[in-house]
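Spelled out from the first residue to the last, the chains are:
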Amino acid sequence: MGRARAKKGGWRGAAAILLIAIAAAAPIAAVLAGAGSGGGPTLFVSDLGLRYLTTTLLLCGLAGAGAGIIGAGASLLVSLADFPGRKTLAIALALPFAIPAYVAAYAYGDLFGPFGPVAETIGIAALPEIRSLPGAAFVLMLTTYPYIYLAMRASLASRSGAIMEAARSLGASPMRASLGLLLTASRPAFFGGLALALMEIAADYGVADFFGVQTLSVGIFRTWHGLGDLHGAMQLAAGLFLVALILVLMESASRKGRASEDARAQRKARRIRLSPAHGALAFLLCLLPVLFGFVAPAALLLSKFEPEMNAIAMRNLMQAGANTALIAAAGAAIAVFLSLLLAYSARAARGRIIKLALRAATLGYAVPGAVMAIGVLALSASIARVSGYALAGGVLILLYAYVARFLTAGYNAAAGGLAQISPQMDGAARTLGAAPGRIVRDLHWPMARLSLLAGAAIVAIDITKELPATLILRPFNFETLSTQIYRLASDERLADAAPAALILIALGLLPSIALSVIADSEHKKTRKQKPLAGPEPNLTGVTNV
């Protein structure tokens, strides 16, 4: 009887996974199918399409290289060296995560504008051209390096002590041990973080559009919104999806190099105590990304903020805030509900097809917002041709795009929470006569609720900050905080956009600080673990901190 029930539950779980996967992957399939149909000229391989692609790759190369250098360098310094202010900077280095890239771009556009503070200091003639490809790379570098910094820091926390001690006992200098061994050992974490950063850079629309950089995301929006050419937009979206897919494969390949650490690798981390001069230099190098990535744009927006707004501005802000809260809450609730179905179904269902379906259902997080939006439009156009009913342009369509894109965040949280609960506990509860509802209420919810709430918060914040999909799919006269910031800043009204921008920054601060604190606590936890029996090598010039 129990085996028959388990088998029935497995089939139900497999069916639920397949249905959710089909719904989540349908927009991507519509883009790929629509891009290859029509038989006409392909925009993606035209001169314009190749220019979009080349510019996107150049932007990824410049911003990714800068983010990699800053993220890896900062993680090495705060993990291996002891200098004044290290503990504070270890948390502060994650703060640029709180600022959406397009908000930082608007702030820097005003900062380096002809009437901005920099022009008043050095003169308009000496003013650098911020609205350019290097300017966009500079802003995206500052807002994406935390991906690499946090990934590298977590990796160094688990292995830096053992590797450094082994290298120093063999006579290697700290510099040689850091660059030759630690960077090599942390290579999977580096490339995993770099892949995530490159996904954000390739998917960006707000920075590239504001700075006049012709990337694929900008081309998709212009082709659809400006020219009304859905087929051309699908071709560009398919090209951008292929770029994102390569980055996804790169991120997946980076995980294969990660090996679990045994107890002998969990040695107490010993930091190098720097001289006063070198300590000041390390402090400055770690402070600069925080200053340029968080303090400067946030301070500029605060300086633009006017507490006494007129009635119209206040009403528009409240309406945009209410719309944002409504759609973010609804999207998070739907995403977490579907994530729970996926996570529960995955506990009972097995097989290669189910694994592929789970991968398809959670692929949306790596898909740029512009691609997802064009996919939803293409899907709704196909449904309209078959059924005769048009579906595009409503809040439900926008919610569908949000859920399909951010379902991954909810699923990771739900699966992580349920992973704490052994299936044997469910079996024991059923043996004692507990009904499924009571098992969920009294067993699963208390143990998994924090993970689920965290997943819902992440999805809600992602929806709040999403720009290109909202611009393409939002109903007429439906304003969110992100679209209000975009509209006002594009009209050079940064003072009017400052309140909404500061609200987004405040929302983004919560996960940014939480991620950094978690990384710091993991580092301390690793340091407190006792090493295996054996003498500690006496390392000259290295002190325990």
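Residues numbered from 1 in each chain as written. Predicted model: local features only at pLDDT ≥ 70, side-chain atom pairs only at ≥ 80, totals over all residues. Heavy atoms only, no water.

## Examining the packing of helix α2 (residues 47-80) against helix α8 (residues 187-203)
One can describe the packing of α2 onto α8 by two numbers: an axis separation of 9 Å at closest approach and a directional angle of 140°. Comparing their axes, α8 and α2 come out oblique. Considering how the two elements wind past one another, α2 and α8 form a crossing that is right-handed. Facing α2, whose interface residues are T56, L59, C60, A63, G64, G68 and A72, α8 presents F190, L194, L198, I201 and A202. (Axes fitted to C-alpha atoms, helices over the stretch in contact; angles between N-to-C directions. Helix = DSSP H or I, 4+ residues; strand = E, 2+ residues; numbered from the N terminus. Parallel < 35°, antiparallel > 145°, perpendicular 65-115°, else oblique. Left-handed = near helix turned anticlockwise from the far one by under 90°. Contact = heavy atoms within 4.5 Å.)

## A look at the packing of aromatic side chains
Taken as a whole and assessed by the stated rule, the structure comprises ten aromatic pairs. Centre to centre, the rings of Y108 and F112 are 6.1 Å apart; their planes meet at 20°, and the pair counts as stacked. Residue class for Y108 comes out buried when judged on its relative accessible area of 2%. Judged by its relative accessible area of 19%, F112 falls in the buried class. (Phe/Tyr/Trp six-rings, centres within 6.5 Å; stacked < 30°, edge-to-face > 60°. Buried < 20%, exposed > 50% of the residue type's maximum accessible area, 1.4 Å probe, protein only.)

## A look at the confidence of the model for the protein chain
In low-pLDDT segments, the atomic positions of the prediction should not be examined closely. When pLDDT is averaged along the protein chain, the result is 78; 74% of the residues meet or exceed 70. Across residues 259-266, confidence stays below pLDDT 50; counting only partners more than four residues off in sequence or on other chains, it has 13 contacts. Across residues 529-545, where pLDDT falls below 50, the model places 35 contacts with residues more than four positions away in sequence or in other chains. (pLDDT = per-residue confidence, 0-100.)

## Description of the pattern of salt bridges
All told, the structure shown has six salt bridges when counted by the stated rule. Note that D110 is salt-bridged to K304, the shortest N-O span being 3.3 Å. Here D110, found in helix α4 (residues 101-111), pairs with K304, found in helix α12 (residues 276-304); they are 194 residues apart in sequence, far enough to count as distant. Assessed through its relative accessible area of 25%, K304 is described here as partly exposed. A salt bridge links R493 to D496; the nearest nitrogen and oxygen atoms lie 3.0 Å apart. Residue D496 is classed as partly exposed on the basis of its relative accessible area of 38%. Each of the salt bridges in this network shares a partner with another, and the network as a whole consists of R474, E479 and R487. (Salt bridge = Lys/Arg side-chain N within 4 Å of Asp/Glu carboxyl O.)

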